[in-house]
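In case you want the letters, here they are:
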Amino acid sequence: MKKIIAIFGICSLIFACTSGQKSEGTEDTSTVTAPAETTQGATATAGSLKGEQLISSSDCLTCHKVDAKIVGPSYADVAKKYPATDENIEMLASKIIAGGSGSWGEIPMAPHPAISIDDAKEMVKYILSLKTK
Ligand code: HEC
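In this text the structure is predicted, and so the values were computed from the model without any measurement.

**Details of the overall build of the protein chain**
- In terms of regular secondary structure, the protein chain is built from 6 helices and 0 strands.
- Counting across all 133 residues of the protein chain, residues that qualify as buried make up 21%.
- Sequence-distant contacts, at least 24 apart, represent 50% of the contacts inside the protein chain between residues at least 6 apart.
- For the protein chain, the accessible surface area stands at approximately 9,500 Å², while carbon and sulfur atoms represent 63% of it.

As structure tokens, then:
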């Protein structure tokens, strides 16, 4: 019997919340949809731009620069070493996540377990696109 009362209580709470939100939400849908247009406009350049943003919002730049070696190799050197094939993108993306050493020297690359494989691939695509510079 107590359970039924509890379920009733939860139901009426949920109902009270959702019905309250609905009446508030309908009024300002026009302001909510407006920013979507600006993000759509950016999709044309999204490919490597996303990778660049991911890299600058992570810790990568403390050890890597585009055109100079710091702790890790410069991204331009990485781009020179690896052609942008699917296999290399996969391999480098998993290296960003797992870390490791041996390709450039003894100093290991820090692991980044919080980065998703898709984000890591975007980063690699950006890095490998720097070859032409
Ligand atoms: C603590 C310093 C450090 C940080 C932080 C770091 N790296 Fe590195 N990175 C290295 C070192 C050192 C190497 C060379 C590893 C080796 O010799 O295999 C490396 C190598 C790489 C390589 C080439 C891997 C290979 O096998 O040739 C890529 C790509 C790379 N880093 C991307 C990134 C990205 C993207 C981030 C940010 C998410 C990042 N790194 C953060 C130190 C770092």
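**Brief notes about the side chain of histidine 64**
- Locating histidine 64 in the fold gives a position in the loop between helix H3 (46-57) and helix H4 (75-81).
- Here the side chain of histidine 64 touches proline 73 through a polar contact of 2.8 Å, landing on its backbone oxygen.
- Residues in contact with histidine 64, not counting those within four places in the same chain, are Ile70, Gly72, Pro73, Tyr75 and Met109.

**Let's talk about the coordination of the iron atom of the ligand**
- For the iron atom of the ligand, every protein donor is listed as His64 (NE2) and Met109 (SD), and the spread of their distances is 1.9 Å.
- For the iron atom of the ligand, the 6 donor atoms in the first shell make angles of 81 to 179° at the metal, so the coordination geometry reads as octahedral. Of this pair, histidine 64 sits in the loop between H3 and H4 while methionine 109 sits in the loop between helix H5 (86-98) and helix H6 (117-128), and the two are 45 residues apart along the sequence.
- Owing to a relative accessible area of 24%, methionine 109 belongs among the partly exposed residues under this scheme.

**Points about the site of the ligand**
- Looking at the ligand, there are 27 residues lining it, with Cys60, Cys63, His64, Tyr82 and Met109 nearest.
- A distance of 2.7 Å separates a nitrogen atom of the ligand from a polar side-chain atom of histidine 64.
- Between the ligand and the protein, one listed contact pairs an oxygen atom with a backbone N or O atom of serine 103 at 2.9 Å.
- Cavity membership is defined here by more than half of the atoms lying within 2 Å of grid points; on that basis the ligand lies in the largest pocket.
- Considering every element that reaches the shell around the ligand, the biggest residue donor is H5, with 3 residues.
- Tallied by class, the residues present in the shell around the ligand amount to 15 nonpolar, 10 polar and 2 charged.

**Here's the deal with the environment of proline 113**
- As for its placement among the helices and strands, proline 113 is situated in the loop between H5 and H6.
- For the pair formed by proline 113 and serine 94, sequence separation is 19 residues and the distance between their alpha carbons is 9.7 Å.

**Examining H6**
- Along its 12 residues, H6 runs 16 Å from first to last C-alpha, staying within 8% of the 16 Å computed at 1.5 Å per residue.
- Taken as a whole, H6 has its buried residues at Ala120, Glu122, Met123, Val124, Tyr126, Ile127 and Leu128.

**Quick word on a nonpolar patch on the surface**
- Together, Ile70, Val71 and Ile107 line one region of the surface with nonpolar side chains, adding up to about 240 Å² of accessible area.
- Tracing the sequence through the fold places isoleucine 70 in the loop between H3 and H4.
- Take isoleucine 70: its relative accessible area is 37%, and that puts it in the partly exposed class.

Thresholds, definitions, all that
Starting afresh in each chain, residues are numbered from 1 along the sequence in its written order. Confidence filtering applies because this is a predicted model: local features only for residues at pLDDT of at least 70, side-chain atom pairs given and counted only at 80 or more, and all residues used for totals across whole chains, interfaces and linings. Excluded from the side-chain calculation are hydrogens and water; included are all heavy atoms of the structure. Numbering of helices and strands runs from the N terminus, with a helix taken as a DSSP run of H or I at least four residues long and a strand as a DSSP run of E at least two residues long. Remark: exposure states derive from per-residue accessible area (1.4 Å probe, protein chains only) relative to the maximum for the residue type, with buried under 20%, exposed over 50%, and partly exposed in between. It only takes one pair of heavy atoms within 4.5 Å for two residues to be counted as in contact. Every accessible area reported is derived by Shrake-Rupley at a probe size of 1.4 Å, with residue values counting cover from the shown protein chains alone. Distance and chemistry together define a polar contact, namely a pair of N or O atoms within 3.5 Å, with one atom able to donate a hydrogen and the other to accept it when in protein, and with adjacent residues in sequence counting only for side-chain atoms on both sides. Each metal's donors are the N, O and S atoms found within 2.8 Å of it, except that Na, K and Ca use a 3.2 Å limit; water is left out, so coordination can look incomplete. Geometry assignment treats four donors as tetrahedral when all angles are between 85 and 135 degrees, treats four as square planar and six as octahedral when opposite donors are over 155 degrees apart and all others between 65 and 115, and treats everything else as irregular. What makes a residue near a molecule or strand is one non-hydrogen atom of that residue sitting within 4 Å of it. In this analysis a 1.4 Å probe is tested at points of a 1 Å grid over the protein atoms alone, and where it fits but cannot get out there is a cavity; an open set with protein on both sides within 12 Å along at least five of seven lines is a pocket; lining residues have an atom within 4 Å of a point. Throughout, a molecule is located in a cavity or pocket provided that more than half of its atoms lie within 2 Å of its grid points. Think of it as three bins: nonpolar holds Ala, Val, Leu, Ile, Met, Phe, Trp, Tyr, Cys and Pro, charged holds Asp, Glu, Lys and Arg, and polar takes everything else, Gly as well. To estimate how far a helix should extend, the number of its residues minus one is multiplied by 1.5 Å. Only residues whose relative accessible area exceeds 30% and that form no salt bridge are eligible for patches; like-charged ones are grouped when within 9 Å, while nonpolar side chains (Val, Leu, Ile, Met, Phe, Trp, Tyr) are grouped when within 5 Å. Salt-bridge detection follows one rule: a side-chain nitrogen of Lys or Arg within 4 Å of a carboxyl oxygen of Asp or Glu.

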